[in-house]
Amino acid sequence: MSLYNMKARKIGKTIDEIEEGDSLSLTESIEDNQILLYLGLTNDANPLYIQHDYAKETEYEQPLVPSIMVMGIITSAISKHLPGPGSHVVNFSINFIDPVFHYETLTFEFEVIKVDKMKDVVTISVEAVEATDNEEKRILDAVVMVKPPQRQIGDDLNE
């Protein structure tokens, strides 16, 4: 048995531990270093994401955060928190209401809206808002179907 297999592994909530109405709130700020890392990893050279001079000439007037990065924040929260480690996204639908700009701080609200034990998936609604001076501006809505982690034989011994 390898050393990895001997360690107790923490997994997220299983389908039996999740209920409709379970929720999570998460606030994230998006900085240039994260965007540069993403662009380097993906070799994405879209000038709209990083070139301020180019972006000024567009309808947006400033660089955008790549949409897939915002989606990554959502899937990361699912992997870490709800349902948590061991979960797997099986369907992702997202509507970007407004673009996300560099340095914006977004608050993501996650809520379990359906638990389907027959299909072993949960459906999570996600809304992200940006807090401006006196109001909150809705940035996106998403619906994510997630297969929660499953307990393996012997997992109860690790708790």
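Just so we're clear, the structure is a prediction, and the values are computed from it rather than from any experiment.

Notes on the nonpolar core
Counting residues in each nonpolar core, the largest one holds 36 residues, and the members touching the most others are I30, I74, F108, F110 and I124. Within the residue set of this core, elements represented by two or more residues are β1 (23-29), α2 (32-42), α4 (67-80), β3 (105-116), β4 (121-131) and β5 (136-147). Tallying contributions element by element places α4 first for this core, with six residues. Once residues within four sequence positions are removed from consideration, F108 is found in contact with L24, S25, L26, E28, V70, I73, I74, V126, E127, A128 and L140.

Things to note about the packing of aromatic side chains
Under the defined criterion, the tally for this structure stands at one aromatic pair. On the numbers, 6.5 Å between centres and 35° between planes, the contact of F108 with F110 is tilted. According to the relative accessible area criterion, F108 is buried, its value standing at 0%. Residue F110 is classed as buried on the basis of its relative accessible area of 2%.

Examining the pattern of salt bridges
In the structure shown here, the tally under the stated rule is five salt bridges. Ionic pairing is found between K13 and D22, a salt bridge with its closest N-O pair at 3.6 Å. We classify K13 as partly exposed; its relative accessible area is 34%. By relative accessible area, D22 is classed as buried at 18%. Between R138 and D141 there is a salt bridge, and its shortest N-O distance comes to 3.1 Å.

Quick notes on the sheet that holds β4
Sheet architecture is open: five strands sit in the order β1-β3-β4-β5-β2, paired in antiparallel fashion. The open sheet has two edge strands, β1 and β2 (88-96), and neither has a second partner. Averaged over all neighbouring strand pairs, the angle between strand axes comes to 20°, with direction disregarded. As paired elements, β3 and β4 share 10 bridges and run antiparallel to each other. Bridged to T107 within β4 is V129.

Focus: unusual backbone geometry
At the junction of L82 and P83, the peptide bond is cis and its omega measures out at 5° in the coordinates. Mapped onto the secondary structure, P83 falls in the loop between α4 and β2. A positive phi angle is found at E61, which is not glycine, with a value near 70°. Inspection of the secondary structure puts E61 in the loop between α3 (52-56) and α4. The phi dihedral of D120 is positive, around 55°, even though this residue is not glycine. Residue D120 is classed as buried on the basis of its relative accessible area of 12%.

Rules behind the numbers
- Residues numbered from 1 in each chain as written.
- Predicted model: local features only at pLDDT ≥ 70, side-chain atom pairs only at ≥ 80, totals over all residues.
- Heavy atoms only, no water.
- Core = buried A, V, L, I, M, F, W, Y, C linked by side-chain atoms within 4.5 Å.
- Buried < 20%, exposed > 50% of the residue type's maximum accessible area, 1.4 Å probe, protein only.
- Helix = DSSP H or I, 4+ residues; strand = E, 2+ residues; numbered from the N terminus.
- Contact = heavy atoms within 4.5 Å.
- Phe/Tyr/Trp six-rings, centres within 6.5 Å; stacked < 30°, edge-to-face > 60°.
- Salt bridge = Lys/Arg side-chain N within 4 Å of Asp/Glu carboxyl O.
- Pairing = 2+ DSSP bridges.
- Axes fitted to C-alpha atoms, helices over the stretch in contact; angles between N-to-C directions.

These values are about where atoms sit, not about what they do.
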